[in-house]
Every structure is written in structure tokens, then in C-alpha cells.
Amino acid sequence: MEVLKQFILSFLSTIGFAVLFSIPKDSIGRSGFVGATGWVVYFLTYNLLQGKVAGTFCAALSVGILGEILARYYKKPATVYIIPGIVPLVPGAGMYYTMLALVEKDFLMAANTGTETLFIAASISVGIIISTTLSRSIKRVRQKD
Amino acid sequence: MEQNEKNDRKEVKKLLVLAILAGKIMLKNGAETYRVEDTIERICKSRKNIKYVDAFVTPTGIFLSLEYNEEVMTYLQRIKTISIDLNKINLVNEFSRKFVNSSMSIDEALIELKKIDKIHTYKLLSKVCFGSMACAFFSLLFGGTFLDFISSYLVSFTVLFTLNKIDKLDLTFFLRNFVGALLASLLSFLAVKLGIGENMDKIIIGSIMSLVPGVSITNAIRDTMSGDYVSGLSRGMEAIFSALAIAFGVGILLNFYLRGVI
């Protein structure tokens, strides 16, 4: 039940971001689906592994792979699907809490949340790196045949 | 014979302008650099007997040179403003596929490209409405209450609308994000004070999500992975500085808030 609620909320949220970046009108629903899947993967792995970094990595990877597949299928640039899906994963909350700790002069807490935020950002990039290189090597292998 | 050659030369020049225009539209609206290079080269190679085309694209400029009839032509285009419109990238992508696979005349193609450049996919109001919807649902996703949802919607609506007005002044992205974050946290503070919202942190987190540099992060990584290290680095720098600007904007208000100044 909780998963369904998260799915619907993130679906609506991703649709909003998709319009903000003005993606093509026929892709709005699809990119909402990509973003919602990414968020649900984040939610599940975060609860399973108790780690935001691992959760974000899995979510970014699934967003990347789904985005590449949809892009190939519908012949659109992959970023159309990937960017709205990635935005909810960006650690805005981590930035906020790091700043809060810094302002409160709680430097230990700031270091904690700050490094976590950095690692979350890094795990997003690793997730996209893997999905991008995967799709590229598949493309190259196919061209050779 | 000579007249013919002159005409051909003119056509090639037009092709050069066309390719540069296509690249400019894509880059201006937030495409990855390898996609721009690819599109430009495809467009140039599809016509006449052009032996050699090479494009070098960075986020701030396009360099293109091609060889035709033992003569090298070069075109350099600076890109200054960047605004995100993924639909235009998609349209130019479709256009280049159509142009390469058909015998469309270059004049026709130029007219079509100029039309694409002027398209507004969504109206300003619907963009702002949906953007604030995204932020509001995001604050719910982070455990906000229904009241937080409403105040987050109102706050990000005002922020996005103001930023749209501010964009006409041509501020740098740093100042833009800074002003946006400061305004978002100030309004969230006011919303809590007036009793519309309950948790200030949830409202602020939701409202700054519309400023977060998602496009720069994604493009920086994709550029780096395709071997364009210069573009990857400069886009990465953009992402880092946008994040810093947001953090400063939020931090200033939090500082005042915790000291009890406001």
C-alpha cells in the first residue's frame, strides 16, 4: 500500500518536472512512469539496505536503463526520459540538512550529512554512467554484425 | 561551367549555415555535446560531395569546418544563453533524420528550422503550474502533511513566476539560483509563520527541487562518458556552482532564522 502511494506521488511529481523542462507532449506519461519506477526502486532498496547511497544508485541505474530502452523504442533522445526521472533523486534534502547543521555550528553533523550528500550525487552519476555505457556498447556490437 | 560551380559553392555555404543553426538550437536548449556534433556532421555529409566534416562543440560554442572542392570553410558560433527545452532537441533530432533521408531543399529546411526555434511547447502559466505541482508532491513524498503540500505549491508557484520575470534581466545562473533559493526559504518561513504550513524543512526541500541542477548533472556525466572531457568538466562545474548557490540562499535565511533576527 505504501509502495503504491509512493508510486502515485512520485509519478505526479515527475510529470511536473517533465513539463518544467518542456519535454515532448506525447512523452509526458512515459517519463512519469520512468521517474516513478526510479523512486519506488529507491524506496524499496533504501528500506531493504538501510542506505541512501545504495538506494540512489539502484534508482539512478533503473532510470537510466528504462530511459535508454524507451528512447530506442520511441526514437527520442534518451535525455527526454532520463532528466525528469533523475531530478527527484538529486539530494536537495541532503543539501538543506547540511546547510542547517553548518548554520547551527554542528560541524560533526555537517560533515556527516555533507559526505552523504556528496556520495548520493556520486552514486547518481555512477548509475547513469553504467546505463549509458551499456546502451552504447550494445549499439556498437549491433553495428558490427 | 563556372556559374555552376559558383552556385554549388553558395549551396555548400547555405548548408554550413543550416548545420550551425541546427546545432545552435540543440545546444541552447540543453542537449549533450556529442548529440550536437553527431547531428551537425550528419547534416553536412548528406549533401553534395563533401569529403571532410569535423565539428567541435563545447557548451559555450560550436566550431565547424568542412572541405568542399579543395577549399576549407569554417564557421564559429558562440552560445551564450542556455534555457532548457527538451522538446526542441527532439524536434531538431526528427528534423535532421528527415533532412538526411529526403531531398529537401536547403532553403525549405532553413525555414523549418527557424519555425522550430520559435515554438513554445508549453505556455508560461502551465509550466509554472506543473513545476510547482512537482515541488508540492515532492514535499509530500518527503513526509510533509497536506498543509505543507498547499504551502509548498504556493511558495514554488511564486518562486518560478518571479524567476521567469528575473530571467529577462539576463542574470548569471549563479545569481538566479541564489535568488530563487533565498525567496523559496523566505516564503516558506512566512508560510509557517502565517500558519499555512507546518514543517518548514519539508516546504523548503520541496520548493528548492525546481532549482536543482538535474540537467547539468545528467549532461555532464553523459558528455564525460562519450569522451568530451572539456564539456563534461564545464557542465560539472555549472552543476556544482548551482548547488552552492542554492545552499547559500537557504543558508542565509536559516542563519537569520536561528539567530532570531526575523
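Residues numbered from 1 in each chain as written. Chains lettered and ligands numbered in written order. Predicted model: local features only at pLDDT ≥ 70, side-chain atom pairs only at ≥ 80, totals over all residues. Heavy atoms only, no water.

Concerning the overall build of chain B
Item 1. The number of helices and strands found in chain B is 10 helices and 3 strands.
Item 2. Secondary structure elements of chain B occur, N-terminal to C-terminal, as α-α-β-β-β-α-α-α-α-α-α-α-α.
Item 3. In terms of overall dimensions, chain B is more spread out than a globule: its C-alpha atoms have a radius of gyration of 23 Å, far above the 18 Å expected for 262 residues.
Item 4. If one aligns the C-alpha atoms of chain B with their principal axes, the spans along those axes are about 85 × 30 × 30 Å.
Item 5. With 262 residues in all, chain B has 50% of them scored as buried.
Item 6. The contacts in chain B between residues at least 6 apart in sequence include a share of 66% that link residues at least 24 apart.
Item 7. Carbon together with sulfur atoms contributes 60% to the accessible area of chain B, which is approximately 12500 Å² in total. (Helix = DSSP H or I, 4+ residues; strand = E, 2+ residues; numbered from the N terminus. Rg over C-alpha atoms; globule rule 2.2 N^0.38 Å. Buried < 20%, exposed > 50% of the residue type's maximum accessible area, 1.4 Å probe, protein only. Contact = heavy atoms within 4.5 Å. Areas by Shrake-Rupley, 256 points an atom, 1.4 Å probe, with all protein chains shown as cover.)

With respect to the packing of helix 2 (residues 28-49) of chain A against helix 3 (residues 52-74) of chain A
Residues and elements named next belong to chain A.
Item 1. For the pair helix 2 and helix 3, interaxial distance at closest approach is 8 Å and the crossing angle is 155°. Considering their axes alone, helix 2 and helix 3 lie roughly antiparallel with respect to each other. The element helix 2 and its partner helix 3 pack so that their crossing is right-handed. Between helix 2 and helix 3, the contacting residues are Arg30, Phe33, Val34, Thr37, Gly38, Val41, Tyr42, Thr45, Tyr46 and Leu49 on the first element and Lys52, Ala54, Gly55, Thr56, Cys58, Ala59, Ser62, Val63, Leu66, Leu70 and Tyr74 on the second.
Item 2. Along the lines of polarity and charge, the residues of the contact of helix 2 with helix 3 split into 13 nonpolar, 6 polar and 2 charged. (Axes fitted to C-alpha atoms, helices over the stretch in contact; angles between N-to-C directions. Parallel < 35°, antiparallel > 145°, perpendicular 65-115°, else oblique. Left-handed = near helix turned anticlockwise from the far one by under 90°. Nonpolar A, V, L, I, M, F, W, Y, C, P; charged D, E, K, R; others polar.)

A few points about the UniProt feature "transmembrane region" (unreviewed entry) in chain A
Residues and elements named next belong to chain A.
Item 1. According to UniProt, the "transmembrane region" (unreviewed entry) feature falls on residues 6-24, 54-71, 78-97 and 117-134.
Item 2. End C-alpha atoms of residues 54-71 are separated by 26 Å, and the span's content is 100% helix alongside 0% strand.
Item 3. As a span, residues 117-134 carries 100% helix and 0% strand, and end to end its C-alpha atoms are 26 Å apart. (UniProt positions renumbered as here; feature names shortened; annotations may be inferred.)

Quick look at the nonpolar core
Item 1. Counting 102 residues, the largest nonpolar core has A:Ile86, B:Leu18, B:Ile40, B:Leu64, B:Leu66, B:Phe99 and B:Leu113 as its most contacted members.
Item 2. Residue assignment places this core across two domains, with domain 1 (2-117) and domain 2 (124-258) of chain B each supplying three or more.
Item 3. With near-sequence residues (within four places) excluded, B:Leu66 lies in contact with B:Val12, B:Leu16, B:Cys44, B:Ile50, B:Tyr52, B:Val53, B:Glu71, B:Val72 and B:Met73. (Core = buried A, V, L, I, M, F, W, Y, C linked by side-chain atoms within 4.5 Å. Domains from an automatic or database assignment.)

Some words on the sheet that holds strand 2 (residues 61-68) of chain B
The strands making up a sheet associate through backbone hydrogen bonding, with each pair oriented either parallel or antiparallel.
Residue and element names in this part refer to chain B.
Item 1. Taken in spatial order, the 3 strands line up as 1-2-3 in an open sheet, and their pairing is antiparallel. For this open sheet the edge positions go to strand 1 (52-58) and strand 3 (71-78), each flanked by a neighbour on one side alone. Averaged over all neighbouring strand pairs, the angle between strand axes comes to 10°, with direction disregarded.
Item 2. Alignment of strand 2 against strand 3, held across 8 bridges, turns out to be antiparallel. The residue of strand 3 that forms the bridge with Gly61 is Arg78.
Item 3. Against the sheet, helix 1 (residues 2-28) contacts strand 1, strand 2 and strand 3, and its axis sits at roughly 155° relative to strand 2.
Item 4. The strands that helix 2 (residues 33-45) touches are strand 1 and strand 2; relative to strand 1, the one it contacts most, it runs at about 155°. (Pairing = 2+ DSSP bridges.)

Observations concerning the domain arrangement of chain B
Residue and element names in this part refer to chain B.
Item 1. By the assigned domains, chain B splits into domain 1 (2-117) and domain 2 (124-258).
Item 2. Placing the centre of domain 1 and that of domain 2 at their C-alpha centroids yields a distance of 35 Å.
Item 3. Both faces combined, the contact of domain 1 with domain 2 buries some 930 Å², and carbon together with sulfur accounts for 47% of it.
Item 4. The three residues of domain 1 that bury the most area against domain 2 are Glu32, Tyr34 and Pro59, which together make up 43% of that side's buried surface. (Buried area = accessible area lost by both parts, 1.4 Å probe.)

What about the packing of helix 5 (residues 92-103) of chain A against helix 6 (residues 107-144) of chain A?
All names here are of chain A.
Item 1. Contact pair helix 5 / helix 6: the axes reach a minimum separation of 8 Å and the direction vectors enclose 160°. Taken together, the axes of helix 5 and helix 6 lie roughly antiparallel to each other. Handedness of the crossing formed by helix 5 with helix 6: left-handed. On helix 6, the residues touching Gly94, Met95, Tyr97, Thr98, Ala101 and Leu102 of helix 5 are Phe107, Met109, Ala110, Thr113, Gly114 and Thr117.
Item 2. Considered class by class, the residues forming the contact of helix 5 with helix 6 number 7 nonpolar, 5 polar and no charged.

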